[in-house]
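Here's the letter readout for the chains.
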Amino acid sequence: MEAETEKANLKAAEDANGSEEENETTDFKDVVIEESQVGVYRVLVATVKGGFDLYKQFGFVYSALPLLHRLLADVYNQDRVLFTLYIVSRFWGSVENALLMQMSSDLLRTIETGLINREPFLNEVLQSLALRAVCGAVVSFLSWWSERLGTRLKIRVTRHFELYLMKVQLNLDVPTSLDTSSKVSASADSGWDAFSKIIEFLMTVVTALSHLAVIFNAARVSGDPMFLVVCLAKPLFLQSFNRQLWDKACYAFVNNVDYIRMAALKSLSGSEYREDVLNGNLGNWIINEYDKSRQKLGDVDDTYPFFMYERRNNPFHDMFSRILEDLPIMYCGLSAVFNPSRFTISSIAIFQQSSQTLRWTLIEIFTHSDQFRRDVAAIKTLYQASEIKNSVVGGKLAYPVVSEKGVSPPGMGFELRNINFAYPGSKSIEKALISINLKIRAGNVVVIVGGNGSGKSTLLRILSRMYDPSSGEFLIDGNLAKDYTLADLRRATTILSQENKLYPLSLGENIGLGCVESITDMDMVRDAAVMGGAEKVIAKLADGYDTVLDPMIATDSINIPGSDNHPLKQIMNKLDKKINVSGGERQRIVAARSFMRMRSKTIKFVAVDEPSSALDAEGELQLFNQLLEAREGKTLIFVTHRFGHLTKFADMILCMKDGRVAETGRHEELMLLNGEYAKLYKIQADAFNDSPADLSLDSSEVDSLEDANQ
Ligand SMILES: Nc1ncnc2c1ncn2[C@@H]1O[C@H](COP(=O)(O)OP(=O)(O)OP(=O)(O)O)[C@@H](O)[C@H]1O
């Protein structure tokens, strides 16, 4: 049943998207950009050719219905009772005014008739007043209630969309999440915002209709349908000669060169440039130049461009608008003079009051019709978030492939055939990886070395399927990598890198999350902490494994006094006190998480990308040794700049240069090659010697370098 609803929702969204797109295309064709200069600004205003088009508006509302339906269903499902009560109270709120007006009209009519006929009318008046009082009380209660209901519903709806967007974000792979075009631009608030504004809009329509009904009724009683037309005159005029900007897409930019120069010179007086300005003794020059530009600029206005734009209305517009405002009362007055039998004082009062409210609601509908469009677009963006397609996709093949005997090797084997890779959206003209051909046997220890930007980390990202190669074939254990289920591959891989962050959770959880299934197994967590070299760091913290290093505590304050002795300041200082550890200590905790993950039975590939930059020499050695010890047949691929500890254990060293694999082999072989690897090795070894590097090596030097490095 749920699946069916989901399908129907998706279909509805697709339909809405389709028709919306069509609409958007037609709308853009109709958009005209009006340019004008106001003060120092160039103002561009997008207006739709032909102005307000009722037919088009209806068409748009109709095409947006599936999307609105989906949103309403989502809100309704958060709390059906709350939703219903909220809608009922809002509906009541929108017709209350017309109802009260109708009652006032009845009351006035009773009084007027009583006065004219000199008949007692106390009972009728009392009844009418009582009804009005009850109605007023109900209205006040409902508006108070609606506000509370609205707040509760808002919390639920916002949290619902927060969860929805979190699911979307958590599903994105690395390239897709970095790709700005597919980034989730919707926020959880936009769901409620769009819902509440649309309800607001619909209720304004209901208000207008209810006032229309009151006027229609009064016009019917007085037998003058022209009155309706008179009431509609002002909103129609304002809509046709609209110079207001609040419902239009506008863009303004400063294009006055003197003003731009003044802004630049003014910025030089800020603290950011203080040292440079003092250094160059630029003070006088800045003041003189500023003064010159100021003189040239003269009185050109630089106030808020959109205010200035609206102020450009000519006086006749305002005068005519004012006359139209009074048109209903003028019409009533004249009609009463020429046709006194048709009008009573009470009906004139009702006409005047209703027409005023109707005008305002109609103006609101016209001006908010564009907002309605934006709300629908916001809902569309929100629901489209779940349709973002990941660029790294998996297949159906389960990993690992088990042999007939029901076993699989403990490591992961790789083969790369003519792999090329360029980062999506990268402006670099060079590819990050070029023609990589390579085989890594399951269970091997591989070390990748090379200069900055040579492609080491990128190669690791391809191997761990964070990115897909742009071309070439990538095989894992003999099958195309893209044929395996992605979730299975992720379960079989652990990556330890400098990029790994501590989560704003307890240190115990930070480590335990390496293996979610065993997160509560504190013995395992402690073991992992020991292996990562983090046990001493944690032991010195008062709350030990319960310590949260970067808690997400939001605070707010106003008018806090400067003095540290103020009691409030003392409480604040206590709360603000951060528990911090050094960069290297953080790396140890992150490493502990990886050891925890390595304990998970599913891991077959350990990718390590220079996690030791902030570690001291002892910490680094300990980490390397622990990784080698804990690996138990898993494939270990290590990216490093430091030669020595690992290179001598490596089954294979990959030396990268400019996105290519320059050399492969064991340490001794590469030293004998006397190529790129030997050059890099010698530079490091030379750092420990006094004499400058001689980059050519002969075989007798190799042995002594090896000793030096060890
Ligand atoms: N996210 C990215 N988007 C675009 N280009 C990138 C991205 N990451 C890396 N590159 C580029 O790809 C190339 C290879 O980078 P990579 O990080 O693999 O090099 P590296 O050998 O690991 O370098 P280092 O030793 O400095 O860490 C570089 O030219 C780099 O600028």
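Conventions we followed
Each residue is numbered by its place in its chain's sequence as written, counting from 1. Selection of residues for local features in this predicted model requires a pLDDT of at least 70, selection of side-chain atom pairs for listing and counting requires 80 or more, and totals for whole chains, interfaces and linings are taken over all residues. Numbered from the N terminus, helices here are DSSP runs of H or I no shorter than four residues, and strands are runs of E no shorter than two. Three classes are used. A residue is buried when 20 or more other C-beta atoms lie within 10 Å of its own, exposed when 12 or fewer do, and partly exposed in between, with C-beta atoms placed from the backbone. With C-beta atoms placed from the backbone, a contact is any residue pair whose C-beta atoms sit within 7 Å. By this definition, two strands are paired if DSSP reports at least two bridges between them. Fitting a line to C-alpha atoms yields each axis, with helices limited to the stretch in contact; the angle taken between N-to-C directions then spans 0 to 180 degrees. An automatic or database domain assignment supplies the residue ranges for each domain. Using a C-beta atom placed from the backbone, a residue is described as near a molecule or strand when that atom lies within 6 Å of it. Residues are grouped as follows: Ala, Val, Leu, Ile, Met, Phe, Trp, Tyr, Cys and Pro are nonpolar; Asp, Glu, Lys and Arg are charged; every other residue, Gly included, is polar.

## Re the overall build of the protein chain
So, step 1. When you go through the protein chain residue by residue, the secondary structure sums to 24 helices and 13 strands.
So, step 2. Out of the 710 residues belonging to the protein chain, those deemed buried represent 26%.
So, step 3. The contacts of the protein chain with a sequence gap of at least 6 include a subset with a gap of at least 24, amounting to 76%.

## Some remarks on the sheet that holds strand S3 (residues 249-254)
Whether parallel or antiparallel, the strands of a sheet pair through hydrogen bonds between backbone atoms.
So, step 1. Strands sit in the order S1-S2-S3 across an open sheet of 3 strands; the sheet is antiparallel. Each edge of the sheet is formed by a strand with only one pairing partner; in this case those strands are strand S1 (31-38) and S3. With strand direction ignored, the average angle separating the axes of adjacent strands in the sheet is 20°.
So, step 2. Here strand S2 (residues 41-48) runs beside S3; their pairing, made up of 6 bridges, is antiparallel. Considered in S3, the bridge of Arg 42 is made with Phe 253.

## Some thoughts on the sheet that holds strand S11 (residues 635-639)
So, step 1. Taken in spatial order, the 6 strands line up as S9-S10-S11-S6-S12-S13 in an open sheet, and their pairing is mixed. Of all the strands in the sheet, just strand S9 (493-497) and strand S13 (660-665) have a single pairing partner and so form its edges. Ignoring strand direction, the axes of neighbouring strands in this sheet form an average angle of 15°.
So, step 2. As judged from the 5 bridges shared by S9 and strand S10 (residues 605-609), these two strands associate in the parallel manner.

## Structural notes on the domain arrangement of the protein chain
So, step 1. Parsing the protein chain into structural domains produces domain 1 (68-223 + 342-387), domain 2 (258-297) and domain 3 (414-541 + 579-687).
So, step 2. Computed over C-alpha atoms, the centres of domain 2 and domain 3 are 51 Å apart.

## Examining the site of the ligand
So, step 1. Surveying the vicinity of the ligand reveals the residues Tyr 423, Ser 426, Ser 428, Ala 432, Gly 450, Asn 452, Gly 453, Ser 454, Gly 455, Lys 456, Ser 457 and Thr 458.
So, step 2. Element by element, the count of residues in the shell around the ligand is highest for helix H14 (residues 456-463), at 3 residues.
So, step 3. Considered class by class, the residues forming the shell around the ligand number 2 nonpolar, 9 polar and 1 charged.

## Some points on H14
So, step 1. Judged by how many residues are buried, H14 sits mostly within the fold: 8 of 8 residues are covered.
So, step 2. Turning to H14, its buried residues number three or more, namely Lys 456, Ser 457, Thr 458, Leu 459, Leu 460, Arg 461, Ile 462 and Leu 463.
So, step 3. A positive phi of about 55° marks Arg 465, the residue just after H14.

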